[in-house]
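# Examining the three-dimensional arrangement
Here is what each chain is made of, one letter per residue.
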Amino acid sequence: MSETVQLTINDKSYDLPVIKGSENEKAIDISKLRAQTGYITIDTGFKNTGSTTSAITFLDGENGILRYRGYPIEQLAEKANFLEVCYLLIYGNLPTKTEFSSFTNNITNHTLVHEDMRSFLNAYPTKAHPMGILSASLCTLSTFYPESHEQNRSEESVDLTIYRLLAKLPTLAAWAYQNAVGHPVMYPKNKYNYCENFLQMMFAMPAFNYEPEPVIVDALNKLLILHADHEQNCSTSTVRVVGSSQANLYASISAGVSALWGPLHGGANQAVIEMLEKILNDGGGLKKWVEKAKDKEDSFRLMGFGHRVYKNFDPRAKIIKKAADDVLNKLGIVDPVLDIAKELEEVALNDEYFQSRGLYPNVDFYSGIIYRALGIPTEMFTVMFAMGRLPGWIAQWKEMMKDNQPIGRPRQIYTGEKERNYKSIEKR
Ligand code: CMC
């Protein structure tokens, strides 16, 4: 018999079904609660609310476990190629050789962005934040592919949109950066793989050749894999909610990029480096900043510390910390910002305030250090996160459509004025 839990309201009992996941996680199904009892549940920030079942990513925050479609993140980060992981997330299994070659070819053949997009880019002010440009450009792409708005899309047409998104996002991202620094844009080159191509669009110039270094390509591949999905977070839930209105995939992903931008989410990687530079330039030592972070009257937080679900350690941070050391050693980079980061980690990890609240360095604490070492400008860090997260957003959107989920529409408890009558302006 399936498990139920009993809820008693004013002496009346209701049996609520329990939903179990494949890793034995449990949820109480309250979808009929209001119809049966007149009550809704409230959970600001959705700290304890499951919005969906999903077969894509398993995350156990207490034990620091993260798996994509069952594969541990440690194995994927060490051995896989980012496009292999994209395929895994979107289609459910690792690709065979034939599937991988067809998938890769399809993406390589769509890297070019329509020339008319350049006129939009040219209109942005120099120094425009690349996340603003990326979000707008992704939504603008939908206007070039009106068939993507159609309902009852065929599987082939959805696949085509997926190839276009995966192929064009790095081009748009690199162009957003070139726009910000006033450089000419570089076009994609099909002889390069996914990561190499992005790097050459970022760093090559008409005046000189650029050959992506394998150390840098490997580090980028790893970073993209580590960011590829993270179940129901702020940006992914945004993609699902926007997509649930049947808005097209470009618009849904564009909304996800905007949600990612904030410093409490993907924007934290930029905020971490800015914070570390501030601490370094201040020269007054770490203690003052740790005290500020603990002070409830002060809005300052240690960026890159804490996570909604990881309360012991973030498995991605563990991998990234080692990768950061490797990259800096191989490239022979000595970075005082990294020294500050290491000191800060040491101080915070031994401080009762951070220990008792389960606040540990998260993925963004070290990703910024690697991006810096790779020569990626600080304002591009969150764009890099978006590039990594794209396959996850796509996979989540696709799953939601396949499951035919209803439009996302939460309820609320109204706390405003009771009914009152309109008075003309003279009588107020
Ligand atoms: N520095 C100082 N205090 C903190 C921090 C921090 N970074 N993070 C949480 N706290 C305190 C917070 O003040 C609260 O204390 P108290 O219980 O005394 O009121 C307690 O820890 C719990 O915090 P919360 O805000 O209720 O936790 P949350 O789960 O709502 O927030 C978080 C999670 C990631 C938004 C938050 O830890 C934070 O703002 N961290 C800094 C920003 C950051 O690094 N974000 C990137 C997250 S990883 C990338 C991603 O997946 O998006």
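To keep things clear, this report deals only with the structure shown in the data block. A quick note: this is a predicted structure, and the numbers were derived from the prediction, not measured. (Residues numbered from 1 in each chain as written. Predicted model: local features only at pLDDT ≥ 70, side-chain atom pairs only at ≥ 80, totals over all residues. Heavy atoms only, no water.)

## Let's talk about the sheet that holds strand E2 (residues 12–20)
- The strand order across the open sheet built from three strands is E1-E2-E3, with neighbouring strands paired in antiparallel fashion. In this open sheet, the two strands that pair with only one neighbour each are strand E1 (4–9) and strand E3 (26–28). Neighbour to neighbour, the strand axes of the sheet diverge by 30 degrees on average, direction disregarded.
- Sheet topology note: the E2/E3 ladder contains three bridges and is antiparallel. Among the inter-strand pairings, Lys 20 is bridged to a residue of E3, identified as Lys 26. (Pairing = 2+ DSSP bridges. Helix = DSSP H or I, 4+ residues; strand = E, 2+ residues; numbered from the N terminus. Axes fitted to C-alpha atoms, helices over the stretch in contact; angles between N-to-C directions.)

## A word on a positive patch on the surface
- Taken together, the side chains of Lys 47, Lys 296, Arg 301, Arg 308, Lys 311 and Arg 357 define a basic patch exposed on the protein surface.
- In this structure, Arg 308 sits in the loop between helix H13 (287–294) and helix H14 (315–331).
- Judged by relative accessible area, which is 45%, Arg 308 ranks as partly exposed. (Patch = residues over 30% accessible without salt bridge, like charges linked within 9 Å, V, L, I, M, F, W, Y side chains within 5 Å. Areas by Shrake-Rupley, 256 points an atom, 1.4 Å probe, with all protein chains shown as cover. Salt bridge = Lys/Arg side-chain N within 4 Å of Asp/Glu carboxyl O. Lys, Arg positive; Asp, Glu negative; His and termini not counted. Charge placed at Lys NZ, Arg CZ, Asp CG, Glu CD. Buried < 20%, exposed > 50% of the residue type's maximum accessible area, 1.4 Å probe, protein only.)

## Concerning the site of the ligand
- Around the ligand there are 22 residues in total, and His 265, Lys 296, Arg 301, Leu 302 and Gly 304 lie nearest to it.
- A distance of 2.8 Å separates an oxygen atom of the ligand from a polar side-chain atom of Arg 308.
- With respect to the ligand, the side chain of Asn 362 contributes an N or O atom lying 3.0 Å from an oxygen atom.
- Bound to the protein, the ligand loses 79% of the 950 Å² it would expose on its own.
- Taken together, the residues of the shell around the ligand break down into nine nonpolar, five polar and eight charged. (Near = heavy atom within 4 Å. Polar contact = N/O pair within 3.5 Å; in protein donor to acceptor, adjacent residues only side chain to side chain. Nonpolar A, V, L, I, M, F, W, Y, C, P; charged D, E, K, R; others polar.)

## Quick word on empty space enclosed by the protein
- Enumeration according to the criterion identifies two cavities of 30 Å³ or more in this entry.
- When its volume is computed, the largest cavity comes out at roughly 40 Å³.
- If you go around the largest cavity, the residues you meet are Ser 148, Arg 153, Val 158, Thr 161, Leu 249 and Trp 397.
- Its residues assigned to classes, the lining of the largest cavity comprises three nonpolar, two polar and one charged.
- Looking at the second largest cavity, its volume works out to about 30 Å³.
- Thr 111, Ala 167, Pro 170, Tyr 194, Asn 197, Phe 198 and Met 201 are the residues that line the second largest cavity.
- For the lining of the second largest cavity, the secondary-structure elements that each account for two or more residues are helix H7 (155–181) and helix H8 (194–203). (1 Å grid on protein atoms, 1.4 Å probe; cavity = no way out; pocket = protein on both sides within 12 Å on 5 of 7 lines; lining within 4 Å. Points joined across faces, edges and corners; volume = space filled by probe spheres on them.)

## Description of the sheet that holds strand E6 (residues 71–72)
- Strand order in the open sheet formed by three strands is E4-E5-E6, with antiparallel pairing between adjacent strands. Each having just a single partner strand, strand E4 (57–60) and E6 make up the two edges of the open sheet.
- Across two bridges, strand E5 (residues 65–68) lies against E6 in antiparallel orientation. The partner of Tyr 68 across the bridge, within E6, is Tyr 71.

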